[in-house]
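# Remarks on the overall topology
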Amino acid sequence: FYVGYRQTDPLNSKAVTGSVAYQLSRRYYTGMSVSYDFGIQQALTNSFSVTRTGSDVTVTVGVTYNALVN
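Nothing here was measured: the structure is a model prediction, and the numbers come from that model.

Reading the values: the criteria
- Residues numbered from 1 in each chain as written.
- Predicted model: local features only at pLDDT ≥ 70, side-chain atom pairs only at ≥ 80, totals over all residues.
- Heavy atoms only, no water.
- Helix = DSSP H or I, 4+ residues; strand = E, 2+ residues; numbered from the N terminus.
- Buried < 20%, exposed > 50% of the residue type's maximum accessible area, 1.4 Å probe, protein only.
- Phe/Tyr/Trp six-rings, centres within 6.5 Å; stacked < 30°, edge-to-face > 60°.
- Contact = heavy atoms within 4.5 Å.
- Pairing = 2+ DSSP bridges.
- Axes fitted to C-alpha atoms, helices over the stretch in contact; angles between N-to-C directions.
- Lys, Arg positive; Asp, Glu negative; His and termini not counted.
- Salt bridge = Lys/Arg side-chain N within 4 Å of Asp/Glu carboxyl O.
- Polar contact = N/O pair within 3.5 Å; in protein donor to acceptor, adjacent residues only side chain to side chain.

## Considerations on unusual backbone geometry
With a phi close to 55 degrees, N12 is a non-glycine residue in the positive phi region. Considering the arrangement of structural elements, one finds N12 in the loop between strand 1 (2-8) and strand 2 (13-23). A positive phi angle, near 50 degrees, is found at Q41, a position not held by glycine. Counting through the fold element by element, Q41 comes out in the loop between strand 3 (28-37) and strand 4 (42-53). For Q41, a relative accessible area of 61% puts it in the exposed group.

## Section: the packing of aromatic side chains
Summed over all chains, the structure comprises one aromatic pair. Considering the side-chain rings of Y36 and F38, the 4.9 Å spacing of their centres and the 70 degrees angle between planes classify their relative orientation as edge-to-face.

## Quick word on the environment of L44
Relative to the assigned elements, L44 resides in strand 4. Accessibility expressed as a relative area gives 11% for L44, which makes it buried. Taking C-alpha positions, L44 is 9.4 Å from V69, a pair spaced 25 residues apart along the chain. Residues within four places of L44 in sequence aside, it is in contact with A15, S35, Y36, D37, Y65, N66, A67 and L68.

## Things to note about the sheet that holds strand 2
Strand order in the open sheet formed by five strands is 1-2-3-4-5, with antiparallel pairing between adjacent strands. Each edge of the open sheet carries a strand with a single partner, namely strand 1 and strand 5 (58-66). The sheet shows a mean angle of 15 degrees between the axes of neighbouring strands, taken without regard to direction. One ladder, built from nine bridges, connects strand 2 with strand 3; its direction is antiparallel. Its bridge partner lying in strand 3, T17 is registered against S35.

## Details of the pairing of strand 1
Note that strand 1 and strand 2 share seven bridges and pair antiparallel. Paired with R6 across the bridge in strand 2 is A15.

## Observations concerning the side chain of D37
Within the fold, D37 resides in strand 3. Buried and without a salt bridge, D37 has R6 as its closest oppositely charged side chain, separated by 5.0 Å. In terms of polar contacts, D37 uses its side chain to reach the side chain of S13, at 2.9 Å. When neighbours within four sequence positions are excluded, D37 is seen to be in contact with N12, S13, K14, A15, Q42 and L44.

Structure representation (structure tokens):
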């Protein structure tokens, strides 16, 4: 679990970020994160990913939505 806060006064940005990761099995885990700005009252980014760890390579597949660039 992670929760963070960032405030940038000249931009009136008060962003809160939260993320969570969960291990599904020995080789698979998933992660999710959300960032919301209370200054502009808008969700900034939302993301979800699934990771598989093998003996030689680690592969992550995910999607991210950024509201600022739509």
